[in-house]
Number of protein chains: 2
Amino acid sequence: MLASAAPAAPSTKNPATGTDRVFNFSAGPGCLPEDVLRQVQQDVWNIAGSGIGILEHSHRGKVVDKIFEECEADIRKLANIPANYRILYLTGGASAQNHMIPMNFMPKGSTGDYIVTGHWSQKTFDQAAKMGPNFGTAHLAATTKDQNHSYIPADDQIKYSASPAFVHYCSNNTLYGTEWFRIPAVPAGVPLICDASSHFYSRPIDISKFAMVYAGAQKNMGPAGVTLCIIRDDLIEKGAKDIPELLQYRTFVPEFSRPNTPPVFAVYVMGLVAKWIARSGGLAAMQKHNEAKAKLVYDVIDGSKFYKGHARPEARSLMNLTFRTPNEKLDDLFVSEAKKAGMDGLKGHRATGGMRASIYNAFPKAGCEALAAFMREFEKKNG
Amino acid sequence: MLASAAPAAPSTKNPATGTDRVFNFSAGPGCLPEDVLRQVQQDVWNIAGSGIGILEHSHRGKVVDKIFEECEADIRKLANIPANYRILYLTGGASAQNHMIPMNFMPKGSTGDYIVTGHWSQKTFDQAAKMGPNFGTAHLAATTKDQNHSYIPADDQIKYSASPAFVHYCSNNTLYGTEWFRIPAVPAGVPLICDASSHFYSRPIDISKFAMVYAGAQKNMGPAGVTLCIIRDDLIEKGAKDIPELLQYRTFVPEFSRPNTPPVFAVYVMGLVAKWIARSGGLAAMQKHNEAKAKLVYDVIDGSKFYKGHARPEARSLMNLTFRTPNEKLDDLFVSEAKKAGMDGLKGHRATGGMRASIYNAFPKAGCEALAAFMREFEKKNG
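As the structure is a prediction and not an experimental result, all values here were calculated from the model.

The next point concerns the interface of chain B and chain A. With 63 residues of chain B in contact, the opposing surface of chain A contributes 63 residues. Approximately 5200 Å² of surface area, both sides summed, lies buried where chain B meets chain A, with 58% of it carried by carbon and sulfur atoms. For the pair chain B and chain A, the number of links is four salt bridges. Where Glu 245 of chain B meets Lys 130 of chain A, a salt bridge forms, and the shortest distance between an N and an O atom there is 2.7 Å. On the surface where chain B and chain A come into contact, there are 25 residue pairs in polar contact (both at pLDDT 80 or more). Among the elements of the structure, helix H1 (34-43), helix H3 (97-105), helix H4 (119-129) and helix H6 (264-279) of chain B are those that each provide at least two residues to the side of chain B that touches chain A. Considering each element in turn, the side of chain B that touches chain A owes the most residues, five residues, to H1 of chain B.

Here is the structure:
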């Protein structure tokens, strides 16, 4: 270990954490495991005794080869990903998938089916709907807009088209704080594509039910700058060949996603996070950890007439907890008082108002205990 | 300053540098200023006293706002970029521009002109040439392939089409080690687009001569994961509107390139590097520094019958120095002996063979002195 990885001397002690770091409830980019940050501090200067920092290594050299190989192996192992799936490291955020998916899988004459349960799946559908005359048609199979996206539709509320080329949905809705706890039923043989950005690897996942799962890394898996894409071989093969090379999934299959210079550092951090999940007990342990954390906060909401949750109880996300006080003035006071108490990033999105506590994998249980205690105290003072 | 930013205790002392870091001649990602790495070590844990590390901050929060604003201001100031140019932070590497440019600026019926002087401009042309029936035609205005890209074409060797929508060229050829020391003459009013990836901000640049200059950050400006794009307002406006939103340049204009989650960390490091260039004396100082470094090595080549440069002397790059010994066996020996002596990344690309020394802005002069001395010594032993 190099001295550069020594613990930071707290500059200002935070009242909640007792260190120089705060409890970070940001919706994403979200907090990362502190172990991982310590490793990054070291490796930025000199990684693996190479005399070169991680930011400065050739993306085709041995050090990066090993990082990319290990990252893939670790991600595969965590969810037991079958051998006929590729793991790709893409860029442009999950948002770039909004055009890549229809460009690849929605050729002229075909129909892609979209389930809309929030802000991001709406944007995904909107892009597909305006691809133009050279592509197929986007079909809105369901939307939960009627109740400001506070619920997840039942299977009989989803109306697929006659012969969908694929079905797309977003399995956790960061803004509204709802989460799918089942996989939607799709017609036999239809590829299911899932945007799992804001809860990827927060609990076990059966990849074999999907043709493609993708996630911007910046919630549960790493920093902004890389989109993890797990995609089945037969779907890759179905992709259009008359679109630009870097917009075809197949281009990223050989050589660990390196047809161009990949976002090496983001993949490296994602690899460290995957190792952290593994040594923390894997996805089953993450689920237990996340359920326990969310329960601390939801219990306060359920036991109170002061706080009101946005999402219906059966659809409440384990990652993004949305709630409000009786009025906006108190919401604002809540956010500013919480910040003073060492809890940052609790302001809700304007779409729901109120508060949002994002508690991704790396967010510590102590932070949820602190928030729950703060909520009770705040209610007492202002209720 | 936090203790986490303390200097690393050398693990193994490198014979050339006397520290635990080597002289890194990598063609890119390339070496970064050590000052910058020290700052990153600190900020990864806790940036600007926020109690949150740079990887964990919301891309819409105040800390990131400030980083993006300062990065833009610093980049503008360094080259005195006129007010009618935007600065965009894109992803997908410079390679993603290979399809974005024709999708935006080469509509059906038009012609885009391409000057090919190496591997990357060839790939750029190849992608444009196969855009398909919904787009225009790519015209090869010049190529230096006839002499394995060892030279830069004169203006009278470039044959433009009748009415080009734009002219594209690559101003430094990383693989072959050639560099444009003039800006090619183009017909009046034709937008000139330049891929400056591997020598961006290595010397002063007159942006007003270009409609667009772009550069993957990972050579001179930062880590892999962001493409800096400087583009004139009228060119942005000319861009197609019937292509996916995230493939239109105009989408990135509002809110500092944040229609989606941007690669925050890569922009942050680019901002630190811009500040480092400014306090090192700006682009004029970079030019002097780079000319002095390159001269050390080129002087050895010019004074020797043992070493042979790939590029013609008048076209020799200040960034990527390509040369070889009398035979491949000696080339291999050179690379392995240099590595033992603390100089990494000297193996040339298979396109040229031999050696390549990439000496970007952050590469220290001492490294070129060490290489020049090593070359003389190696010639003595093996000549």
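There is more to say after this.
Moving on: the relation of the copies chain B and chain A. When chain B is fitted to chain A, the best match, at an RMSD of 0.0 Å, comes from turning it 180 degrees and sliding it 0.0 Å along the axis. What the superposition gives is, in effect, a two-fold axis relating one chain to the other. Proximity to the rotation axis, assessed at the C-alpha, singles out Gln 41 of chain B in chain B; its C-alpha lies 2.3 Å from the axis. The share of interface residues of chain B whose copies in chain A are also at the interface is 100%, consistent with both copies meeting through the same surface.

We now examine the state of the cysteines. As used in these notes, a disulfide is a covalent bond between sulfur atoms, one from each of two cysteines. All names here are of chain B. What the rule picks out here adds up to zero disulfides over all chains. The cysteine Cys 71 is free of any disulfide, with Cys 229 supplying the nearest cysteine sulfur at 13 Å. Given the relative accessible area of 1%, Cys 71 is considered buried.

Here we take up the sheet that holds strand S2 (residues 85-90) of chain B. All names here are of chain B. One open sheet holds the seven strands; their spatial order is S2-S10-S9-S8-S5-S3-S4, and the pairing between them is mixed. Edge positions in the sheet fall to S2 and strand S4 (137-143), since each of these pairs with one other strand and no more. For this sheet the average axis-to-axis angle between neighbouring strands, irrespective of direction, equals 20 degrees. For strand S5 (residues 166-170) and strand S8 (residues 192-195), the ladder comprises four bridges, and the chain directions are parallel. Bridge pairing in S8 links His 168 to Ile 193. This element, helix H2 (residues 62-79), spans S2 and strand S10 (227-232) of the sheet and lies at about 125 degrees to S2.

What follows concerns the pairing of S8 of chain B. Consecutive residues of a regular strand have side chains that alternate between opposite faces of the sheet. All names here are of chain B. Here S8 shows a buried face lined by Leu 192 and Cys 194 and a second buried face lined by Ile 193 and Asp 195. Both S8 and strand S9 (residues 212-216) contribute to a ladder of three bridges, which runs parallel. Note that in S9 the partner of Ile 193 across the bridge is Met 212.

In this section: the packing of H6 of chain B against helix H7 (residues 282-302) of chain B. Residues and elements named next belong to chain B. Across the interface, H6 lies against H7 with an axial gap of 7 Å and an inter-helix angle of 80 degrees. The angle between H6 and H7 places the two elements in the roughly perpendicular class. Packed against H6, whose contacting residues are Trp 276, Ile 277 and Ala 278, the element H7 presents Gly 282, Leu 283 and Met 286 at the interface. Residue classes in the contact of H6 with H7 are distributed as five nonpolar, one polar and no charged.

As a further point, take the domain arrangement of chain A. Frequently, the measure chosen for interface size is the accessible area removed from exposure when the parts meet. All names here are of chain A. Each assigned domain of chain A is listed here: domain 1 (23-33 + 282-382) and domain 2 (54-278). Computed over C-alpha atoms only, the centres of domain 1 and domain 2 are separated by 27 Å. Of the roughly 2600 Å² buried between domain 1 and domain 2 on both sides combined, carbon and sulfur atoms contribute 60%. Here domain 1 and domain 2 share zero salt bridges between them. Viewed at the interface, domain 2 and domain 1 are joined by 19 residue pairs in polar contact (both at pLDDT 80 or more). Listed by contribution, the elements that provide at least two residues to the side of domain 1 that touches domain 2 are helix H7 (282-302) and strand S12 (320-324). With seven residues, H7 is the single largest residue contributor to the side of domain 1 that touches domain 2. Classifying every residue of the side of domain 1 that touches domain 2 gives 15 nonpolar, 12 polar and four charged.

Okay, H3 of chain B next. Counting buried residues along H3 of chain B, nine of its nine residues qualify, which places the element largely inside the surrounding structure. Within the sequence span of H3 of chain B, burial applies to Gln 97, Asn 98, His 99, Met 100, Ile 101, Pro 102, Met 103, Asn 104 and Phe 105 of chain B.

Okay, the pairing of S5 of chain B next. Residues and elements named next belong to chain B. Of all five residues that make up S5, five are buried, and the element is covered over most of its length. Taking every second residue as pointing to the same face, both faces of S5 are buried, with Phe 166, His 168 and Cys 170 on one and Val 167 and Tyr 169 on the other. As paired elements, strand S3 (residues 111-116) and S5 share three bridges and run parallel to each other. In the sheet register, Gly 112 faces S5, and the bridge partner there is Phe 166.

All names here are of chain A. For chain A, per-residue confidence averages 95 on the pLDDT scale, and 97% of positions sit at 70 or higher. Considering only residues more than four positions removed or in separate chains, one finds that residues 1-10, a stretch of pLDDT under 50, has 37 contacts. For this predicted complex, the interface confidence reaches an ipTM of 0.94, while the overall pTM sits at 0.95.

With that settled, the discussion passes to the packing of helix H8 (residues 328-340) of chain A against helix H9 (residues 365-382) of chain A. All names here are of chain A. Axis separation between H8 and H9 bottoms out at 11 Å; the angle between their running directions is 135 degrees. Classified by the angle their axes make, H8 and H9 are oblique. In this structure, H8 crosses over H9, and the sense of that crossing is right-handed. Packed against H8, whose contacting residues are Leu 330, Leu 333, Phe 334, Glu 337 and Ala 338, the element H9 presents Leu 371, Phe 374, Met 375, Phe 378 and Asn 382 at the interface.

For the rest of this paragraph, the subject is the sheet that holds strand S11 (residues 308-309) of chain A. Residue and element names in this part refer to chain A. Within the open sheet, the three strands sit side by side as S11-S12-S14. Their pairing is antiparallel. For this open sheet the edge positions go to S11 and strand S14 (355-358), each flanked by a neighbour on one side alone. Of the strand pairs in this sheet, S11 and S12 are connected by two bridges, and their pairing is antiparallel. Residue pairing in the sheet places Gly 309 in a bridge with Phe 323 of S12. Each of S11 and S12 touches H7; the most contacted strand, S12, lies at about 20 degrees to it.

The rules behind each value
- Residues numbered from 1 in each chain as written.
- Chains lettered and ligands numbered in written order.
- Predicted model: local features only at pLDDT ≥ 70, side-chain atom pairs only at ≥ 80, totals over all residues.
- Heavy atoms only, no water.
- Contact = heavy atoms within 4.5 Å.
- Buried area = accessible area lost by both parts, 1.4 Å probe.
- Salt bridge = Lys/Arg side-chain N within 4 Å of Asp/Glu carboxyl O.
- Polar contact = N/O pair within 3.5 Å; in protein donor to acceptor, adjacent residues only side chain to side chain.
- Helix = DSSP H or I, 4+ residues; strand = E, 2+ residues; numbered from the N terminus.
- Least-squares fit on C-alpha atoms with pLDDT ≥ 70 in both.
- Disulfide = S-S within 2.5 Å.
- Buried < 20%, exposed > 50% of the residue type's maximum accessible area, 1.4 Å probe, protein only.
- Pairing = 2+ DSSP bridges.
- Axes fitted to C-alpha atoms, helices over the stretch in contact; angles between N-to-C directions.
- Parallel < 35°, antiparallel > 145°, perpendicular 65-115°, else oblique.
- Nonpolar A, V, L, I, M, F, W, Y, C, P; charged D, E, K, R; others polar.
- Domains from an automatic or database assignment.
- pLDDT = per-residue confidence, 0-100.
- Left-handed = near helix turned anticlockwise from the far one by under 90°.

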